[in-house]
Amino acid sequence: MKVLDFENKLLSLYDKINQLKALSEEGSIDLSKEIARIEQRAELLKKNIYSRLTPQQIIQISRHQNRPDSLSLINLIFDDFVELHGDRLYGDDRALIGGLAQIQQERVVVIGHQKGHDTRSNIDRNFGMPNPEGYRKALRLMKLAEKFNLPVITFIDTPGAFPGIEAEERGQAEAIARNLKEMSALSVPIISFIIGEGGSGGALGIGVANKLYMLEYSIYSVITPEGCASILFRDAKKSDIAAELLKITAKDITELNVADDIVKEPLGGAHHNWEVTASNIKSFILSDLQKYKKIKNNKVIIEERYNKFRNLGQFSN
Amino acid sequence: MSILDWFPKKKAVSASGNNKLSIPNDLWVKCFCCNKIIYLKDLNDNFKVCLKCNYHFRLTPEERISYIFDKNSYNETNPNIESVNFLDFKDTRNYSERLASAQKKTSHKSAVITGTAKIDKQTVNTGIMNFAFLGGSMGSVVGEKITCLFEDAVKNKYPVVIFTSSGGARMQEGIISLMQMAKTSAAISKLSEASVPYITVLCDPTTGGTSASFAMLGDILIAEPGALISFAGPRVIEQTIRQKLPEGFQRAEFLLKHGMIDCVTHRKELKATLSKVITMLIPYNKKVNKLQKISGKNIKKDISK
Ligand SMILES: [Zn+2]
């Protein structure tokens, strides 16, 4: 697994622990006390590192190549899943997936950006950057959900919508805009999770939700910190400064009332334990599904979502 | 999406801006597109469109009002809403300072002005974006004013006409600026339910968060010739795919060819086109009442006599 720079010290402690364990297995010396002591130190260090991560470090975790992807989380969270393909207009976007899913007795439609874990799978998934047909597939599935009165769950994990010639030709802006409008009026609840990168309009295109939750080390930003830095400082390398300024962490986004709550990650980040991550998300889904089941009037669901976005904005008058 | 796509190639354009030649009385301007020297009065008489190459100069809101709306019919709404630096954003300059100098430069408090006005005696709700104000970027204020405009229209039932010109979201307001995309788009869904017509006039440039929200959601999409209309800016695309972009890529005519907009209309014809479209979209019973009042060129009115 790729080791992040700030994890280095921690890793050397783990190496030491492993060496000692190997020693005590082959020899007659009892090293259990020594091992326990170092393990304790490692735990402390880990807590120390992860309690004061900088936005730039959180970005690294949110983009970690072993971070759980949408399809893997879907398989861990739901009891059953049938993937549905295509936008019925042009093609099937592999950067944005969706389908029917079941969790205990609840049936839902689930949609998510899809990244890969290595170069090959990332190219296959276009690095999680959808083309217009991805957003149109998402809309088709949301309309399907509405027709059969199924709640919609979305997993957000994209650097942004794909900036390409064909994407522009086929109306990337229109596709995203249409989703924003249609999602705002959808008569079934939409529950969204930012599981990694929430990149700008490409994230929002499946993120106009009744409830938005962010994984602890996920980010949500109007522009990539690199892009912001290259505009403001004419230097993409100053992205750490931009990352601070833009307020992109789960904590910041929740304080700004854009996200409703934070989903805890296992210590060290979701990439250390996919199962725990999935189970943390699952409890949020289950509790919200129970809550929304009690709302029989669909207008209440639409109004809740409308008012949430209507009230976002700070200005003087 | 980046405003940077705009500045280095063509500076913010206005005949009264910094493209004056140092000739006494500022009688001449140079066209940004073809470099032709044009007599300022000729340019103004031609709706600020280059006589040589048809380049549509960017307009101030005042110029836009004078070209499109009936004389003295414009009434501004929400003129006093202003941005605040709620993230305490400071890059090479403080956001508050940037706002102050944009306000001074444009004599407007924000990047959009909204209000009601008349086009051939038909009342409309209108928003005019101002690229000269921080690249026409959308933050809380633009989002709020545009949303209020749609809400007004749901109540008063007059059509909405918005002239867009914007580099996208205002990054100095972080995630809150992104949320304005959802907020304005949601307001349009209420407008649709109320069957109030919404016409977008896409002006140069309309990109990023603005194009990917309320700009592309008009019932009718009209573009000015040559306007850049895109999601991602040309420079970002070039950097991503590492190949040269095709000629005329993301220009109004390119979008027309790809089925993304209804028409490309010369500024000279814009008022007449808007007037016709509005007349044809307003529900029939309302239209009949209105037609009694419309003067001049309407043929149906003559029949009704
Ligand atoms: Zn010219």
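Just so you know, these numbers come straight off a predicted model, no measurement behind them. (Residues numbered from 1 in each chain as written. Chains lettered and ligands numbered in written order. Predicted model: local features only at pLDDT ≥ 70, side-chain atom pairs only at ≥ 80, totals over all residues. Heavy atoms only, no water.)

1. Looking at the overall build of chain B
Counting its secondary structure elements, chain B contains eleven helices and ten strands. Counting only residues that meet the buried cut, chain B has 59% of its 305 residues in that class. Relative to all contacts within chain B whose residues are 6 or more apart in sequence, the contacts with residues 24 or more apart total 67%. Carbon and sulfur atoms provide 52% of the accessible area of chain B, an area that totals close to 12,600 Å². (Helix = DSSP H or I, 4+ residues; strand = E, 2+ residues; numbered from the N terminus. Buried < 20%, exposed > 50% of the residue type's maximum accessible area, 1.4 Å probe, protein only. Contact = heavy atoms within 4.5 Å. Areas by Shrake-Rupley, 256 points an atom, 1.4 Å probe, with all protein chains shown as cover.)

2. Here we look at the overall build of chain A
Helix and strand content of chain A: 14 helices and nine strands. Its C-alpha atoms give chain A a radius of gyration of 21 Å, near enough to 20 Å, the size a compact globule of 317 residues would have. Expressed as lengths along the three principal axes of its C-alpha atoms, the size of chain A is roughly 70 × 55 × 45 Å. In chain A, buried positions account for 57% of the 317 residues. Residue pairs in contact within chain A that sit at least 24 positions apart in sequence constitute 73% of those at least 6 positions apart. For chain A, the exposed area adds up to about 13,700 Å²; of that, 51% sits on carbon and sulfur atoms. On chain A, the mean spot of the 42 positive side-chain charges and the mean spot of the 42 negative ones are 4 Å from each other. (Rg over C-alpha atoms; globule rule 2.2 N^0.38 Å. Lys, Arg positive; Asp, Glu negative; His and termini not counted. Charge placed at Lys NZ, Arg CZ, Asp CG, Glu CD.)

3. A few points about the interface of chain B and chain A
Each partner contributes residues to the interface: chain B has 61 residues there, and chain A has 49 residues. Across the pair B:K190 and A:E303 runs a salt bridge whose closest N-O atoms are separated by 3.0 Å. Here chain B is connected to chain A by 14 residue pairs in polar contact (both at pLDDT 80 or more). In terms of residue count, helix α5 (residues 174–193) of chain B provides more of the side of chain B that touches chain A than any other element does, 17 residues in total. Of the residues contributing to the side of chain B that touches chain A, the split by class is 33 nonpolar, 19 polar and nine charged. (Salt bridge = Lys/Arg side-chain N within 4 Å of Asp/Glu carboxyl O. Polar contact = N/O pair within 3.5 Å; in protein donor to acceptor, adjacent residues only side chain to side chain. Nonpolar A, V, L, I, M, F, W, Y, C, P; charged D, E, K, R; others polar.)

4. A few points about the domain arrangement of chain A
Residue and element names in this part refer to chain A. Looking at the assigned domains, one finds that chain A contains domain 1 (5–52) and domain 2 (59–310). Between the C-alpha centres of domain 1 and domain 2 the distance comes to 37 Å. With seven residues of domain 1 at the interface, the matching set in domain 2 holds eight residues. Buried area between domain 1 and domain 2, summed over both chains or domains, comes out near 580 Å², and the portion from carbon and sulfur atoms is 62%. Remark: the boundary between domain 1 and domain 2 carries two residue pairs in polar contact (both at pLDDT 80 or more). Partitioning the side of domain 1 that touches domain 2 into residue classes produces two nonpolar, no polar and five charged. (Domains from an automatic or database assignment. Buried area = accessible area lost by both parts, 1.4 Å probe.)

5. A few points about helix α8 (residues 172–184) of chain A
Residues and elements named next belong to chain A. Here α8 spans 19 Å end to end across 13 residues, near enough to the 18 Å set by a 1.5 Å rise per residue. In terms of residue burial, α8 counts as a mostly covered element, since twelve of its 13 residues are buried. Residues Q172, A173, E174, A175, I176, A177, N179, L180, K181, E182, M183 and S184 constitute the buried set of α8. (Expected span 1.5 Å × (residues − 1).)

6. Digging into the coordination of the zinc ion
Residues and elements named next belong to chain B. Within the protein, the atoms that donate to the zinc ion are C31 (SG), C34 (SG), C50 (SG) and C53 (SG), at distances of 2.2 to 2.4 Å. Relative to the metal, the four donor atoms surrounding the zinc ion lie at angles of 106 to 112 degrees, and the coordination shape comes out tetrahedral. Judged by relative accessible area, which is 2%, C50 ranks as buried. (Donors = N, O, S within 2.8 Å, 3.2 Å for Na, K, Ca; no water. Tetrahedral: all angles 85-135°; square planar, octahedral: opposite > 155°, others 65-115°.)

7. Examining the domain arrangement of chain B
Residue and element names in this part refer to chain B. Taken as a whole, chain B is organised into domain 1 (24–57) and domain 2 (58–304). The C-alpha centroid of domain 2 is placed 24 Å from the C-alpha centroid of domain 1. Approximately 900 Å² of surface area, both sides summed, lies buried where domain 1 meets domain 2, with 50% of it carried by carbon and sulfur atoms. Together, F47, H56 and F57 form the three largest contributors to the area buried by domain 1 at its contact with domain 2, with a combined 63%. For the salt bridge of E63 with K48, the shortest nitrogen-to-oxygen distance reads 2.1 Å. Counting the contacts that link domain 1 with domain 2 gives six residue pairs in polar contact (both at pLDDT 80 or more). Of the residues that constitute the side of domain 1 that touches domain 2, the class distribution is four nonpolar, four polar and one charged.

8. Description of the sheet that holds strand β7 (residues 160–166) of chain B
Either a parallel or an antiparallel arrangement is found when strands of a sheet pair, and the pairing is made through backbone hydrogen bonds. Residue and element names in this part refer to chain B. Strand order in the open sheet formed by seven strands is β3-β5-β6-β7-β8-β9-β10, with mixed pairing between adjacent strands. Among the strands making up the open sheet, the edge pair consists of β3 (75–77) and β10 (263–264). Here strand β8 (residues 198–206) runs beside strand β9 (residues 220–223); their pairing, made up of four bridges, is parallel. Across the sheet, the residue bridging to I199 is I220, located in β9. (Pairing = 2+ DSSP bridges.)

9. Considerations on the packing of helix α1 (residues 8–26) of chain A against helix α2 (residues 32–51) of chain A
Residue and element names in this part refer to chain A. Where α1 contacts α2, the axes come no closer than 10 Å and their chain directions differ by 165 degrees. Put simply, α1 runs roughly antiparallel to α2. For α1 against α2, the interelement crossing comes out left-handed. Where α1 approaches α2, its residues K9, L10, L13, Y14, K16, I17, L20, K21 and S24 are matched on the opposing element by E34, I35, I38, E39, R41, A42, E43, L45, K46 and I49. In terms of residue class, the contact of α1 with α2 is made up of ten nonpolar, one polar and eight charged. (Axes fitted to C-alpha atoms, helices over the stretch in contact; angles between N-to-C directions. Parallel < 35°, antiparallel > 145°, perpendicular 65-115°, else oblique. Left-handed = near helix turned anticlockwise from the far one by under 90°.)

10. So, the environment of A:R140
All names here are of chain A. Tracing the backbone through its elements, the reader meets R140 in helix α6 (residues 132–147). Distance from R140 to R88, taken between C-alpha atoms, is 8.5 Å for residues 52 residues apart in sequence. Beyond its immediate stretch of four places on either side in the chain, R140 contacts L84, H85, G86, D87 and R88. Within the structure, the side chain of R140 is placed 2.9 Å from the backbone oxygen of G86, a separation counted as a polar contact.

11. Focus on the packing of aromatic side chains
The geometry of an aromatic ring pair is captured by the separation of the ring centres together with the interplanar angle, meaning the angle of the planes. Applying the stated criterion across every chain yields a total of 13 aromatic pairs over all chains. On the basis of an interplanar angle of 45 degrees and a centroid distance of 5.1 Å, the ring pair of B:W28 and B:Y39 is categorised as tilted. In this pair, B:W28 sits in strand β1 (residues 28–30) while B:Y39 sits in strand β2 (residues 37–39), placing the two residues eleven residues apart along the sequence. According to the relative accessible area criterion, B:Y39 is partly exposed, its value standing at 32%. One aromatic cluster in this structure is built from A:F155, A:F193, A:Y213 and A:F284. (Phe/Tyr/Trp six-rings, centres within 6.5 Å; stacked < 30°, edge-to-face > 60°.)

12. A word on the nonpolar core
Counting 120 residues, the largest nonpolar core has A:Y220, A:V258 and B:F150 as the members making the most contacts within it. No other element matches the ten residues that α5(B) contributes to this core. Among all residues touching A:V258, those that are not within four sequence positions of it are A:L212, A:Y220, A:I253, A:K308, A:L312, B:I175, B:I176 and B:M179. Of all hydrophobic cores here, the second largest spans 26 residues; its members include A:L71, A:F78, A:A101 and A:I281. (Core = buried A, V, L, I, M, F, W, Y, C linked by side-chain atoms within 4.5 Å.)

13. Observations concerning the pattern of salt bridges
A side chain with one charge may pair with a side chain of the opposite charge, provided their charged atoms come close. Residues and elements named next belong to chain A. Counted by the stated rule, this structure contains 33 salt bridges over all chains. The closest approach of N and O atoms between D260 and K308, which form a salt bridge, is 2.9 Å. In this pair, D260 is assigned in the loop between α12 (250–255) and β8 (261–263) and K308 in helix α14 (residues 298–310), connecting sequence segments 48 residues apart. Accessibility expressed as a relative area gives 33% for D260, which makes it partly exposed. With a relative accessible area of 15%, K308 lands in the buried category.

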